[in-house]
2 protein chains.
Amino acid sequence: MALTLRDVAQAAGVSVATASRALAGSGLINQATRTHVAQVAAAIGYRANPLARALKTRKSRLIGLTVHNLENTSFRTLAAVVQQRMQALGYQVILSISSDDAAQEREILATLLDHGIDGLISVPTGANGRQMTDLEQTGIPVISAVRHIDDAHLESVLAADFEGAYAGTRHLLELGHRRIGLIVGISETTSGKERLAGYTRALSEAGVALDPALIHQGRYAPETGVEGAEAVLGATPPPTALFVANHESSVGVLRVVADKGLRVPDDLSLLFYEDTPWFQWLSPPMSVVDSGASELANLAVERLLQRLDGAANSGREFRIGSRLVQRASCRAPKES
Amino acid sequence: MALTLRDVAQAAGVSVATASRALAGSGLINQATRTHVAQVAAAIGYRANPLARALKTRKSRLIGLTVHNLENTSFRTLAAVVQQRMQALGYQVILSISSDDAAQEREILATLLDHGIDGLISVPTGANGRQMTDLEQTGIPVISAVRHIDDAHLESVLAADFEGAYAGTRHLLELGHRRIGLIVGISETTSGKERLAGYTRALSEAGVALDPALIHQGRYAPETGVEGAEAVLGATPPPTALFVANHESSVGVLRVVADKGLRVPDDLSLLFYEDTPWFQWLSPPMSVVDSGASELANLAVERLLQRLDGAANSGREFRIGSRLVQRASCRAPKES
DNA sequence: CTGTTAGCGCGTTCAA
DNA sequence: TTGAACGCGCTAACAG
């Protein structure tokens, strides 16, 4: 059996209340007794029981984290950053994987609430805005990360997808490309919709007509990359550049490009989205629009910390600026 | 404020004790009242408070999970599988990232203990066998995953690394290769040591002399791949096959191979270790020794469940068989 | 500044 | 079979 506050009190010759105050850092206590109690506690190896404390104070120092999966780079970064930063501050994180499924998410939310989490960082499915709002009203701050929920007044920290896709497309345009293929996520996702919009805008500003044959939308998976690359690269005339704004489809695209014997960037410029360590290890190192996953994760943590510290729910949307990382996969198109 | 057992008791017209018994499924209770209470509880939307229950029963239905990081495929798979399976059984998992650092791990273990976890699945750093043993003696089962700790009597579930490397090497040998390069982890890790041993054994059994110039050991990182590939491929005569038994270095190797203009498998057979979705999307699809990360994770869960269910600590070591997945990156060497 | 007392929400004696 | 009372370990009144 672990030591309790009573043991500390006994060993230090004070009451449990005094011991509690000494350890919890209450202001109303004699410095001498405080240090004395602290020493005794350390000496006998006392460690407070967080459960008992939580039952009393309604502060568990537990926070919830829900993500769709652990495969996606951004989600993984979010999980790692949230875990490490919160742990350093004495919080423990309960990880839950929703599989982007509304029913599972609903169940998770309820369980997390039962466990008395102090706060929640969630990549929401989007379907449980109601439950998220309920959490907020119970006094549990929730930060929506990566995805936005329309029907919930929540702080959310998102990537600047429109801007990122716009910048990526402009980069290709400035290199001289006019036939630019795009592989992107489905429009049901915020990121898919916004990236498509960014691409469209850049093209129209440059006076380049939109060619539907150059655009392929699909879910976030390798298969989308092969289908998309085959379709788009088969257009006539073929594109001189391909913007893969659907991270999961990157490998699929790479395979088609290799199979077709296309050299990058000589025959085709390739621009990816969401940086991941291995992009720089490919040959050639791949240029990419970095959506700032780690900055996003850190900001989500900052916001949660503020809220935990008493700040009100601003309902504000925070956007992490994207950054174009030029490596060696893009260049001007060959003269034709 | 959430509903308490008292509310249920009141609404059902019974005492809290009866309500508790009805919901907890104690045997000593009238069937009629049990169903009545259950209905009332469901009707008013009562949900038991796990903290209060844990304080009383010393069972938190929380389990700890520690991994070195979330980048490594095996660790990630472990995290995902453990989380999903345990959650389905009503457990929540507290995720902690040790960064393979002994001090951090020690701190994590203590905190997890404070939080009253019922069990622990850990990819250990190896330095805190003592604390792990203490946990076991406190009655908290711990399963060591992926890595083994010598100085702790723990159940561990590991990959069959010797066997895997042996099988991989034999495959290359049977294709006719005699100059087989190896890039592997440092011998301080169990996996590094065992894989090297498997390779060595296969070679010696085949009567092929070991050439140190063909072997490169390094930490699990892309850099190791480039250094290793450059060194090993530069040997004279050069290898006709390269066994990359260091997963993290795969991308590094790929880059060197591409930069040297080597065609796979025409000029060089390539065999990787630890399967990951994108290996099959490369061109050509890469052959690999699959170490069975998901089976390993599932077995770790099974074992923990058994232990949670009262089984004694067998101290046994479980090995997950490796599997050679032949795709298209290996073939017989060219005649020379 | 410190000690005494009363719960937080449960499960579990002990009687009835 | 049920109810009343107690306590898990801790913090928050309320006195002193």
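Residues numbered from 1 in each chain as written. Chains lettered and ligands numbered in written order. Predicted model: local features only at pLDDT ≥ 70, side-chain atom pairs only at ≥ 80, totals over all residues. Heavy atoms only, no water.

1. Notes on the pattern of salt bridges
Residue and element names in this part refer to chain A.
Here is step 1 of the chain: Taken as a whole and assessed by the stated rule, the structure comprises 37 salt bridges over all chains.
Here is step 2 of the chain: One salt bridge connects arginine 130 with aspartate 134, and the closest N-O pair in it is separated by 3.8 Å. With arginine 130 and aspartate 134 both in helix H7 (residues 129–137) and four residues apart, this pair spans about one turn of that helix.
Here is step 3 of the chain: On the basis of relative accessibility, which here comes to 59%, the residue arginine 130 falls in the exposed class.
Here is step 4 of the chain: The network of salt bridges with shared partners includes Arg263, Asp266, Asp267, Arg331 and Lys334. (Salt bridge = Lys/Arg side-chain N within 4 Å of Asp/Glu carboxyl O. Helix = DSSP H or I, 4+ residues; strand = E, 2+ residues; numbered from the N terminus. Buried < 20%, exposed > 50% of the residue type's maximum accessible area, 1.4 Å probe, protein only.)

2. A closer look at the relation of the copies chain A and chain B
Here is step 1 of the chain: For these two chains of identical sequence, chain A goes onto chain B by a turn of 180° and a shift of 0.1 Å along the axis, with RMSD 0.2 Å. Taken together, the rotation and translation describe the operation of a two-fold axis. Closest approach to the rotation axis within chain A is made by the C-alpha atom of A:Ile94, at a distance of 2.3 Å.
Here is step 2 of the chain: Looking at chain A, 100% of its interface residues are interface residues in chain B too, so the copies touch through the same face. (Least-squares fit on C-alpha atoms with pLDDT ≥ 70 in both. Contact = heavy atoms within 4.5 Å.)

3. Concerning the interface of chain A and chain B
Here is step 1 of the chain: Contacts between the two partners involve 49 residues from chain A and, on the opposite side, 49 residues from chain B.
Here is step 2 of the chain: Across the interface of chain A and chain B, roughly 4400 Å² is buried in total on both sides, 61% from carbon and sulfur atoms.
Here is step 3 of the chain: Counting every contact that joins chain A to chain B gives four salt bridges.
Here is step 4 of the chain: The salt bridge partner of A:Asp114 is B:Arg47, with a shortest N-O separation of 2.7 Å.
Here is step 5 of the chain: Where chain A packs against chain B, one counts 17 residue pairs in polar contact (both at pLDDT 80 or more).
Here is step 6 of the chain: Breaking the side of chain A that touches chain B down by element, the ones donating at least two residues are helix H4 (50–57), helix H5 (73–88), strand S2 (92–97), helix H6 (102–114), helix H10 (222–233) and helix H11 (250–259) of chain A.
Here is step 7 of the chain: When grouped by side-chain class, the residues that make up the side of chain A that touches chain B number 26 nonpolar, 14 polar and nine charged. (Buried area = accessible area lost by both parts, 1.4 Å probe. Polar contact = N/O pair within 3.5 Å; in protein donor to acceptor, adjacent residues only side chain to side chain. Nonpolar A, V, L, I, M, F, W, Y, C, P; charged D, E, K, R; others polar.)

4. Let's talk about the sheet that holds strand S10 (residues 287–290) of chain B
All names here are of chain B.
Here is step 1 of the chain: Pairing is mixed in the open sheet, where six strands are placed in the order S7-S6-S8-S9-S10-S12. Looking along the sheet, the strands with just one partner apiece sit at the ends: strand S7 (215–218) and strand S12 (323–325). Going from strand to strand, the sheet's axes swing by 15° on average, the running direction of each strand aside.
Here is step 2 of the chain: Inspection of the sheet shows S10 paired to S12 by three bridges, in the antiparallel sense. Along S12, the bridge assignment pairs valine 289 with leucine 324.
Here is step 3 of the chain: Helix-sheet contacts for helix H11 (residues 250–259) involve strand S6 (180–185), strand S8 (241–245) and strand S9 (269–273), and the interaxial angle to S9 is about 165°. (Pairing = 2+ DSSP bridges. Axes fitted to C-alpha atoms, helices over the stretch in contact; angles between N-to-C directions.)

5. Re the nonpolar core
Here is step 1 of the chain: Counting 87 residues, the largest nonpolar core has A:Leu242, A:Phe243, A:Leu270, B:Leu242, B:Phe243 and B:Leu270 as its most contacted members.
Here is step 2 of the chain: Membership of the second largest hydrophobic core comes to 56 residues, among which are A:Leu70, B:Ala79, B:Ala300 and B:Leu304. (Core = buried A, V, L, I, M, F, W, Y, C linked by side-chain atoms within 4.5 Å.)

6. Some thoughts on the packing of H6(A) against H7(A)
Residues and elements named next belong to chain A.
Here is step 1 of the chain: Where H6 meets H7, the axes come as close as 10 Å, and the angle between the chain directions of the two elements is 10°. Taken together, the axis directions place H6 and H7 in an arrangement best described as roughly parallel. Of the residues in H7, those in contact with Glu105, Arg106, Leu109 and Leu113 of H6 are Gln131, Met132 and Leu135.
Here is step 2 of the chain: Its residues assigned to classes, the contact of H6 with H7 shows four nonpolar, one polar and two charged. (Parallel < 35°, antiparallel > 145°, perpendicular 65-115°, else oblique.)

7. A closer look at the sheet that holds strand S9 (residues 269–273) of chain A
Residue and element names in this part refer to chain A.
Here is step 1 of the chain: Read across the open sheet, the six strands follow the order S7-S6-S8-S9-S10-S12; overall the sheet is mixed. What marks the edges here is a single partner per strand, and that holds for strand S7 (215–218) and strand S12 (323–325). Taking each pair of neighbouring strands and ignoring which way they run, the sheet shows an average axis angle of 15°.
Here is step 2 of the chain: Helix H8 (residues 161–174) rests against strand S6 (180–185), strand S8 (241–245), S9, strand S10 (287–290) and S12 of the sheet, and its axis sits at about 165° to S8.
Here is step 3 of the chain: Each of S6, S7, S8 and S9 touches helix H9 (residues 190–205); the most contacted strand, S6, lies at about 160° to it.

8. Some points on the pairing of strand S3 (residues 119–122) of chain A
All names here are of chain A.
Here is step 1 of the chain: Of the two faces of S3, the one lined by Gly119 and Ile121 and the one lined by Leu120 and Ser122 are each fully buried.
Here is step 2 of the chain: Alignment of strand S1 (residues 62–67) against S3, held across four bridges, turns out to be parallel. Across the sheet, residue leucine 65 finds its bridge partner in S3, namely isoleucine 121.
Here is step 3 of the chain: Of the pairings in the sheet, the one linking S3 to strand S4 (residues 142–145) comprises three bridges and is parallel in character. Note on S4: the bridge partner recorded for leucine 120 is valine 142.
Here is step 4 of the chain: Tracing the backbone out of S3, into H7 and back to the parallel element S4 gives a crossover that is right-handed. (Right-handed = clockwise from strand over helix to strand, strands pointing away.)

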